[in-house]
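Next come the chains, spelled out residue by residue.
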Amino acid sequence: MRFEKKDILDIDSLSREEITYILDTARGMKEISQRAVKKVPTLRGKTIVLFFQEPSTRTKISFELAGKRLSADTVSISKSSSSIVKGETLRDTVRTLESMKPDIIVMRHSSSGAASQVAKWVQCSVINAGDGTHAHPSQALLDMMTIQEEKGGFEGLKVSIVGDISHSRVARSNIVGLSRMGAHVTICAPGTMIPVGIEHMGCTVARDMDACVADADVVMMLRIQKERQGGSLLFPSEREYAALYGLNQTRLALAAKDALIMHPGPLNRGVEISTLVADGEQSVILDQVTNGVALRMALFYLVAGGSRNADSN
């Protein structure tokens, strides 16, 4: 197939066939990172701007590495180093960036819908690296890539997502993507962390974590996002949260024997996940990070017209 999308803004806008094509492309990109010289000239002459207005380690570095391994020129800009701190609007900032003729803008923003709005203002491609509590498409895609590598596919898999669902753009993107690919998604969290109507996205809600994890093929743990909770006390204490919703070895024993343990990071060890589980044999947390580079290489290649160029050669 030909990949025709200019932007990657959320999982909702990707069909099952497009998700499959992205994952297939990412598998081919992964081989590049295993070479002695981790670089190909595929995007030589292309310019990528990383515009991150929220802190990031894994996502920002993997996007930057992805661009460099495809020989693109990458430039990073943060909120603190942009004129936004001087009162410039987001629209004026991105229009200024576009006037410098980048080919792709990778954007992280604290406001839900910001990436979609920016995509309407600029002619270059926009990749959403996380917007508020709305979407984080590249994280969901790399999660799916990791699951596919380990399980061979998605049809009929039982995936349990546990943690701060209300504030998690990762949860929302994975619920949509995994359900679209044929998996059965169950979520679990304190009632204060479950959005009203989340079932309409294609998941089942479980109030008891033991029931949620039982026989699961994949258990994805999420961090409590205190920075998004506005000082609200959504649970009595971290100790109680860990007892009721933390993944330890005893609770892991309820899942399938070959269950995968996932986490988008950063981890709060001893809260949502124990160290023994996070570093155990069933954990694919570091594989997620590795796959993040390959997946983001695939996104750069595809939105830059790689599939169309390949078809014409």
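Residues numbered from 1 in each chain as written. Predicted model: local features only at pLDDT ≥ 70, side-chain atom pairs only at ≥ 80, totals over all residues. Heavy atoms only, no water.

Novice: Go over the sheet that holds strand 4 (residues 125-131) with me, naming the residues and quoting the values.
Specialist: On the basis of which strands lie adjacent, the open sheet formed by four strands has the order 2-1-3-4 and parallel pairing. Edge positions in the open sheet fall to strand 2 (73-78) and strand 4, since each of these has one partner strand only. Put simply, the sheet's adjacent strands are angled 15 degrees from each other on average, direction ignored. Direction of pairing for strand 3 (residues 104-109) relative to strand 4: parallel, over a ladder of five bridges. Along strand 4, the bridge assignment pairs Ile105 with Val126. Each of strand 1 (47-52), strand 2 and strand 3 is contacted by helix 3 (residues 90-98), which is oriented at about 160 degrees to strand 1, the strand it contacts most. (Pairing = 2+ DSSP bridges. Helix = DSSP H or I, 4+ residues; strand = E, 2+ residues; numbered from the N terminus. Axes fitted to C-alpha atoms, helices over the stretch in contact; angles between N-to-C directions. Contact = heavy atoms within 4.5 Å.)

Novice: An account of the environment of Ser111 is needed here, citing residue identities and associated values.
Specialist: Take Ser111: it is sitting in the loop between strand 3 and helix 4 (114-121). The exposure class of Ser111 is partly exposed, given its relative accessible area of 35%. Between the C-alpha atom of Ser111 and that of Asp131, which follows or precedes it by 20 residues, the distance is 5.6 Å. Discounting chain neighbours no more than four positions away, the residues touching Ser111 are Asp131 and Gly132. (Buried < 20%, exposed > 50% of the residue type's maximum accessible area, 1.4 Å probe, protein only.)

Novice: Could you give an account of the pattern of salt bridges, naming the residues involved and the relevant values?
Specialist: Within this structure, the stated rule accounts for 11 salt bridges. A salt bridge links Arg169 to Glu54, with the shortest nitrogen-to-oxygen separation between them at 3.1 Å. Here Arg169, found in helix 6 (residues 169-180), pairs with Glu54, found in the loop between strand 1 and helix 2 (58-69); they are 115 residues apart in sequence, far enough to count as distant. Assessed through its relative accessible area of 8%, Arg169 is described here as buried. Classification of Glu54 by relative accessible area gives buried; the value is 14%. Among the ionic pairs, Arg251 bridges to Asp210, the shortest N-O distance being 2.8 Å. Highlighted residues: Arg251 in helix 9 (residues 249-252) and Asp210 in helix 7 (residues 209-213), separated in sequence by 41 residues. For Arg251, a relative accessible area of 12% corresponds to the buried category. With a relative accessible area of 33%, Asp210 lands in the partly exposed category. (Salt bridge = Lys/Arg side-chain N within 4 Å of Asp/Glu carboxyl O.)

Novice: How would you sum up the pairing of strand 6 (residues 184-188)? Please name residues and give values.
Specialist: Burial runs high along strand 6: four of the five residues are buried. Two strands pair when backbone bridges link them, and strand 5 (residues 158-162) and strand 6 are joined in this way by five bridges, in the parallel orientation. Counted as the bridge partner of Val159 is Val185 from strand 6. Considered for its hand, the β-α-β crossover made up of strand 5, helix 6 and strand 6 is right-handed. Relative to strand 7 (residues 203-206), strand 6 is paired through four bridges, and the arrangement is parallel. By the bridge assignment for strand 7, Ile187 is matched with Val205. (Right-handed = clockwise from strand over helix to strand, strands pointing away.)

Novice: Could you give an account of the side chain of Glu272, with specific residues and numbers?
Specialist: Structurally, the position occupied by Glu272 is in the loop between strand 9 (260-262) and helix 10 (275-278). Look at Glu272: it is buried, it has no salt bridge, and the nearest opposite charge is Arg223 at 6.4 Å. A polar contact of 2.9 Å, which involves the side chain of Glu272, links it to the backbone nitrogen of Asn268. In contact with Glu272, other than residues within four places in its own chain, are Met221, Leu222, Arg223, Tyr241, Tyr245, Gly246, Leu247, His263, Pro266 and Leu267. (Lys, Arg positive; Asp, Glu negative; His and termini not counted. Polar contact = N/O pair within 3.5 Å; in protein donor to acceptor, adjacent residues only side chain to side chain.)

Novice: Explain the pairing of strand 1 to me, using residue names and the numbers behind them.
Specialist: For strand 1, the buried fraction is high: five of the six residues fall into the buried class. Relative to strand 2, strand 1 runs parallel, the two being bridged by six bridges. By the bridge assignment for strand 2, Phe52 is matched with Ser78. In terms of handedness, the path from strand 1 via helix 2 over to strand 2 forms a crossover that is right-handed.

Novice: Report on the environment of Thr204, specifying residues and quantitative values.
Specialist: Examined against the element boundaries, Thr204 turns out to sit in strand 7. Taking relative accessible area as the criterion, Thr204 reaches 48% and is therefore assigned partly exposed. Between the C-alpha atom of Thr204 and that of Ile175, which follows or precedes it by 29 residues, the distance is 9.8 Å. When neighbours within four sequence positions are excluded, Thr204 is seen to be in contact with Val185, Thr186 and Ile187.

Novice: Provide a residue-level description of the packing of helix 5 (residues 137-151) against helix 11 (residues 285-303), including the pertinent values.
Specialist: Across the interface, helix 5 lies against helix 11 with an axial gap of 8 Å and an inter-helix angle of 115 degrees. Note that helix 5 runs across helix 11; the crossing there is right-handed. Along its contact with helix 5, which presents Ser138, Gln139, Leu141, Leu142, Asp143, Met145, Thr146 and Glu149, the element helix 11 presents Asp287, Gln288, Asn291, Gly292, Ala294, Leu295, Arg296 and Leu299. Of the residues belonging to the contact of helix 5 with helix 11, the class tally is six nonpolar, six polar and four charged. (Left-handed = near helix turned anticlockwise from the far one by under 90°. Nonpolar A, V, L, I, M, F, W, Y, C, P; charged D, E, K, R; others polar.)

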